Amino acid sequence: MDFLSGFRLSVLILFFMFLITWLGTLSQVEIGLFQSQKKYFESWIVAQPVYGPLHVPLPGGALLMAALAVNLVLGGIVRLRRTWSRAGILITHLGIALLLVAGVVKFAASSEGYMRLYEGEKSSEYVSYHEWEVTIHEDVGDGGFRQWVIPESMFVGATGAASVTVREASLPFELSLFGFVGNADVLQKGPMFETSQPVLDGYFVQPRQNDKEAEYDVAACYVTATAPGAEVSPRDGILWGAARYPLAVTVGDREFGVSLRKRRFPVPFEVELAKFTHEYHPGTMMPRVFKSDVLVRAEGSQPESMLIEMNAPLRRDGVIAFQSSWGPQNAGPGDRLFSVFTVVENPSDQWPLWSCIVIGIGLVLHFGMMLMRYIGAEMKSSATAEAAR
Amino acid sequence: MSNPTPLVLSLLAAALVGCGSSEREESLDPPSTIQAPGLRIGATSAQRFGRMGGGAEPGAKAPEAQTAFTFALPAGWKTLPAQQFRDVNLEAPGGVNAWVTLMGPGAGGALGNLNRWRSQLGLAPAAESDLAALPTETLLGQSAQRIDLASADGAQRLVAVMLFEADRSVFVRMSGSPEAVQEQLPGFATFLASLADRGAASPSVASPSAAGSAGGADAASGAADPGGAGDFRWSTPVGWVPVGGSPFKLFEYTVADGKCWVSELAGDGGGLAANVVRWCGQVGIEPMAESEIEALPRLQVLGQEAVYVRLLQDGDAPGMLGLIIPLGDRTLFVKMTGASRLLVEQSPGFESFCRSFTRKG
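Residues numbered from 1 in each chain as written. Chains lettered and ligands numbered in written order. Predicted model: local features only at pLDDT ≥ 70, side-chain atom pairs only at ≥ 80, totals over all residues. Heavy atoms only, no water.

Caption draft 1: Here's a closer look at the overall build of chain B. In terms of helices and strands, chain B carries 8 helices and 21 strands. Long-range pairs, those at least 24 residues apart, make up 49% of the contacts in chain B between residues at least 6 apart in sequence. Carbon and sulfur atoms provide 54% of the accessible area of chain B, an area that totals close to 16,700 Å². (Helix = DSSP H or I, 4+ residues; strand = E, 2+ residues; numbered from the N terminus. Contact = heavy atoms within 4.5 Å. Areas by Shrake-Rupley, 256 points an atom, 1.4 Å probe, with all protein chains shown as cover.)

Caption draft 2: Just the interface of chain A and chain B, in detail. Each partner contributes residues to the interface: chain A has 61 residues there, and chain B has 59 residues. Roughly 5,000 Å² of surface becomes buried between chain A and chain B when both sides are summed, with 57% attributable to carbon and sulfur atoms. Looking at the side of chain A facing chain B, the largest losses of area belong to Gln-188, Arg-244 and Tyr-245 of chain A, adding up to 15% of the total buried there. Between the two partners, chain A and chain B, sit 1 salt bridge. Linking Arg-167 of chain A and Glu-25 of chain B is a salt bridge whose minimum nitrogen-to-oxygen distance equals 2.8 Å. Where chain A meets chain B, there are 14 residue pairs in polar contact (both at pLDDT 80 or more). Ranked by the residues each element gives to the side of chain A that touches chain B, the list is headed by strand β5 (residues 144-151) of chain A, at 7 residues. For the side of chain A that touches chain B, the residue count by class is 34 nonpolar, 17 polar and 10 charged. Of the strand pairs in this sheet, strand β6 (residues 163-167) of chain A and strand β1 (residues 23-27) of chain B are connected by 5 bridges, and their pairing is parallel. (Buried area = accessible area lost by both parts, 1.4 Å probe. Salt bridge = Lys/Arg side-chain N within 4 Å of Asp/Glu carboxyl O. Polar contact = N/O pair within 3.5 Å; in protein donor to acceptor, adjacent residues only side chain to side chain. Nonpolar A, V, L, I, M, F, W, Y, C, P; charged D, E, K, R; others polar. Pairing = 2+ DSSP bridges.)

Caption draft 3: Seen up close, the nonpolar core. Core analysis: the largest hydrophobic core is formed by 85 residues, its most contacted members being Ile-150, Phe-155 and Leu-175 of chain A together with Leu-139 of chain B. Every residue in contact with Phe-155 of chain A, bar those within four places of it in the chain, is listed here: Trp-132, Glu-133, Val-134, Ile-150, Val-164, Leu-177, Phe-180 and Leu-260 of chain A together with Arg-24 of chain B. (Core = buried A, V, L, I, M, F, W, Y, C linked by side-chain atoms within 4.5 Å. Buried < 20%, exposed > 50% of the residue type's maximum accessible area, 1.4 Å probe, protein only.)

Caption draft 4: Quick look at the confidence of the model for chain B. All names here are of chain B. When pLDDT is averaged along chain B, the result is 75; 76% of the residues meet or exceed 70. When mean pLDDT is taken per element in chain B, strand β19 (residues 318-326) scores highest with 92 and helix α1 (residues 5-18) scores lowest with 44. Across residues 1-21, where pLDDT falls below 50, the model places 1 contact with residues more than four positions away in sequence or in other chains. Confidence drops under pLDDT 50 across residues 199-224; counting only partners more than four residues distant or on other chains, this segment forms 61 contacts. (pLDDT = per-residue confidence, 0-100.)

Caption draft 5: Here's a closer look at the pattern of salt bridges. Enumeration over the complete set of coordinates arrives at 23 salt bridges over all chains. One salt bridge connects Glu-91 of chain B with Lys-78 of chain B, and the closest N-O pair in it is separated by 3.5 Å. Of this pair, Glu-91 of chain B sits in strand β5 (residues 88-92) while Lys-78 of chain B sits in strand β4 (residues 78-80), and the two are 13 residues apart along the sequence. Judged by its relative accessible area of 27%, Glu-91 of chain B falls in the partly exposed class. Put simply, Glu-264 of chain B and Arg-330 of chain B hold a salt bridge, and the shortest N to O gap is 2.7 Å. On the criterion of sequence distance, the pair formed by Glu-264 of chain B in strand β16 (residues 258-266) and Arg-330 of chain B in strand β20 (residues 330-339) is long-range, its members being 66 residues apart. Residues joined by salt bridges that share partners form a network here, namely Glu-138, Arg-146 and Arg-254 of chain A.

Caption draft 6: Looking closely at the pairing of strand β10 (residues 169-176) of chain B. All names here are of chain B. Burial analysis of β10 places 8 of its 8 residues in the buried class, which makes it a mostly covered element. Here β10 shows a buried face lined by Ser-169, Phe-171, Arg-173 and Ser-175 and a second buried face lined by Val-170, Val-172, Met-174 and Gly-176. As judged from the 7 bridges shared by strand β6 (residues 96-103) and β10, these two strands associate in the antiparallel manner. Bridge pairing in β10 places Met-103 opposite Ser-169.

Caption draft 7: Structural detail: the packing of helix α3 (residues 61-78) of chain A against helix α4 (residues 87-109) of chain A. Residues and elements named next belong to chain A. Contact geometry of α3 with α4 gives a least axis separation of 10 Å together with a crossing angle of 160°. One way to sum up the angle between α3 and α4 is to call them roughly antiparallel. Here α3 runs over α4; the crossing is left-handed. Contacts between α3 and α4 involve Met-65, Leu-68, Ala-69, Leu-72, Gly-76 and Ile-77 from the former and Leu-90, His-93, Leu-94, Ile-96, Ala-97 and Leu-100 from the latter. For the contact of α3 with α4, the class distribution of residues is 10 nonpolar, 2 polar and no charged. (Axes fitted to C-alpha atoms, helices over the stretch in contact; angles between N-to-C directions. Parallel < 35°, antiparallel > 145°, perpendicular 65-115°, else oblique. Left-handed = near helix turned anticlockwise from the far one by under 90°.)

Caption draft 8: Looking closely at the packing of aromatic side chains. All names here are of chain B. Within this structure, the stated rule accounts for 21 aromatic pairs over all chains. Geometrically, the ring pair formed by Trp-234 and Phe-353 is edge-to-face, given 5.7 Å between the ring centres and 65° between the ring planes. In this pair, Trp-234 sits in strand β13 (residues 232-237) while Phe-353 sits in helix α8 (residues 340-355), placing the two residues 119 residues apart along the sequence. Trp-234 gets classed as buried once you look at its relative accessible area, which sits at 2%. (Phe/Tyr/Trp six-rings, centres within 6.5 Å; stacked < 30°, edge-to-face > 60°.)

Caption draft 9: Summary view of a nonpolar patch on the surface. Taken together, the side chains of Leu-371, Met-372, Tyr-374, Ile-375 and Met-379 of chain A make up a nonpolar region of the molecular surface, amounting to roughly 560 Å² of accessible area. Mapped onto the elements, Ile-375 of chain A comes out in helix α6 (residues 351-388). (Patch = residues over 30% accessible without salt bridge, like charges linked within 9 Å, V, L, I, M, F, W, Y side chains within 5 Å.)

Caption draft 10: Highlighting the sheet that holds β6 of chain B. Residue and element names in this part refer to chain B. Reading across from one edge, β4-β5-β6-β10-β9-β8-β7 is the order of the 7 strands in this open sheet, with antiparallel pairing throughout. If you trace the sheet from one side to the other, it starts and ends with β4 and β7 (136-139), each paired once. Between one strand axis and the next, the sheet turns through 25° on average, direction left out of account. Taken together, the 8 bridges between strand β9 (residues 157-164) and β10 define a ladder with antiparallel strand orientation. The residue of β10 that forms the bridge with Ala-160 is Arg-173.

Caption draft 11: The arrangement of helix α6 (residues 272-283) of chain B in detail. All names here are of chain B. Its 12 residues give α6 an end-to-end C-alpha distance of 17 Å, which sits within 8% of 16 Å, the value for a rise of 1.5 Å per residue. For α6, every residue scored as buried is listed here: Asn-275, Val-276, Trp-279, Cys-280 and Val-283. Buried residues of α6, seen end-on, are gathered within an arc of 140° and therefore sit on one face of the element. The inward-facing, buried residues of α6 contact α7 (290-294), β18 (304-311), β19 and β20. Gly-284, located one to two residues past α6, shows a positive phi value of around 75°. (Expected span 1.5 Å × (residues − 1). Arc of directions from axis to C-beta.)

See below:
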């Protein structure tokens, strides 16, 4: 208990935090921001390469944050003597604990992606930067499709020969996914070479190194559709994140389209881009202003005209949409432009602000009380000295 | 930790779970109904993976090509629908065909492909030792092997570049009659220099005609690729490699070991004399006198009289070519820097590049 709540552990944690931050920052040069974040800051243990095959285990960011939380709660809250003179310290520690909780909530429950709209286009969903999903669509007429969604969490482990089979009562076939890779090309199999990958309809999945910019990774996997008692065609297929059309699977007299795509998140309103405006600083290509006039429509309410610009995001129903980019970058006068919003849903969005306020109050209280105590002691010693004179 | 048994059992259980069946089953949520008017089910593998040839239904409208590459189309060249093993399929004047093939790693190896082409041309197989003698060429930023073969009967010539990477192989090939191929070599060089992976910084940023539109370049000037940035369009000389724009440069090219860029500044951009004197300092030349600056040659660019500054020294000493184009409310600058010897060689290209400037729209 003494160790868990003590300063020694605090110092040890802070040392490793410094080390992990340093190593994680350096590794971004080699493996990019996303992979580095996963390896160093979202892990429990990091196997740090030292020399050749020699690796040293280090505590990962998740372990360090958990240890810090324990250390903070035990040392700064549970074991703290609860006297009025320490009220400021207690409040400050509660504020830091709230900050840590905000981080955990963001890590576990937030989602982030982008929404790209040309002028006149509208959307009520945004696309993940990194997460994938497999969708199955069946045409129901009038532009409508029945849609089944297989989230990445279900098939991320279906690498190599490992497979995951998904089913649903209203879906007339089972779909097995295997050979999932986070970044791949789909290539034609030529007569001059062999490949260890399954070749389907003349094509195969060629795994590639992850891109340093993880957003550019294009995932791929193999699928097998089976339906007891019904004819399935084709039984096997390739799904690729950059494929331009779904894999068509016919089961009996029903046709389905199976796609691998970046995960879509719905938002509880529709955004329509009315007009996009951008201006440069005179004589340069540095953007001075870029802003989007949008119409926001929520069910049962009138369309609302809003402006999204740099440092002035749209905040509504727990969704935050930032103006992040635009294009095409080589557009000429009169060309149709699109605007890109980074969309974040984070239940703990405002918690860091509140925790900073709590920490501020705690510090003001604590140092205020110390100041008062100091002034009181000074006055007292002055009075004593006066009396003694 | 006096009794380690529970820990050992826990670890064993965890290991068993971790090493368990590699076949997992999951249940999906019930379906929802969405509107997706653009969704099309029923495409062939070739259409799905962006290679329209093999397998496309007869008469089916080929969707717009989306290959793995972007490129600048040389003057007079045309894109054709992609075919099996022709991810980028091009036709050049004189009945010359060119294409790019993207394959898996190895793809038959350098010797296998060289001898396949040699057999197509009626030539005897080459030996492994011949590979070492092949010249190299830069393709997709890597050093690639270049092959130049004439058929046994002299009726065909094949020029190809092959690149083998850890996870793919890329072949770029051009063939036709020897005369026509010879004539298209500059275009082939432009095409090779412009070829880039889609998603990487590519010439399409500057070149609205990239990835497939027909040339339209200023053939008389030897320029091949119509490029442009900001409010301007221009023709890019053969061999200039697009780099892209940056906050202070509308656009930049790499020209052999030198570079050339276009920038614009508000007003007079600091003034003619101040700029020329500053440039002299940058290349280590005595500043020009006012009378010398006034006597600098002029070029007609964008309907304006532009001042042409040639700051050249001997051999590899640094030099600069500069053009200052006053446009009323702003001033356009075109600069090329590098070894003086290079700049002497590139002067005609630089001048034709400057003369090719037009306003967009």
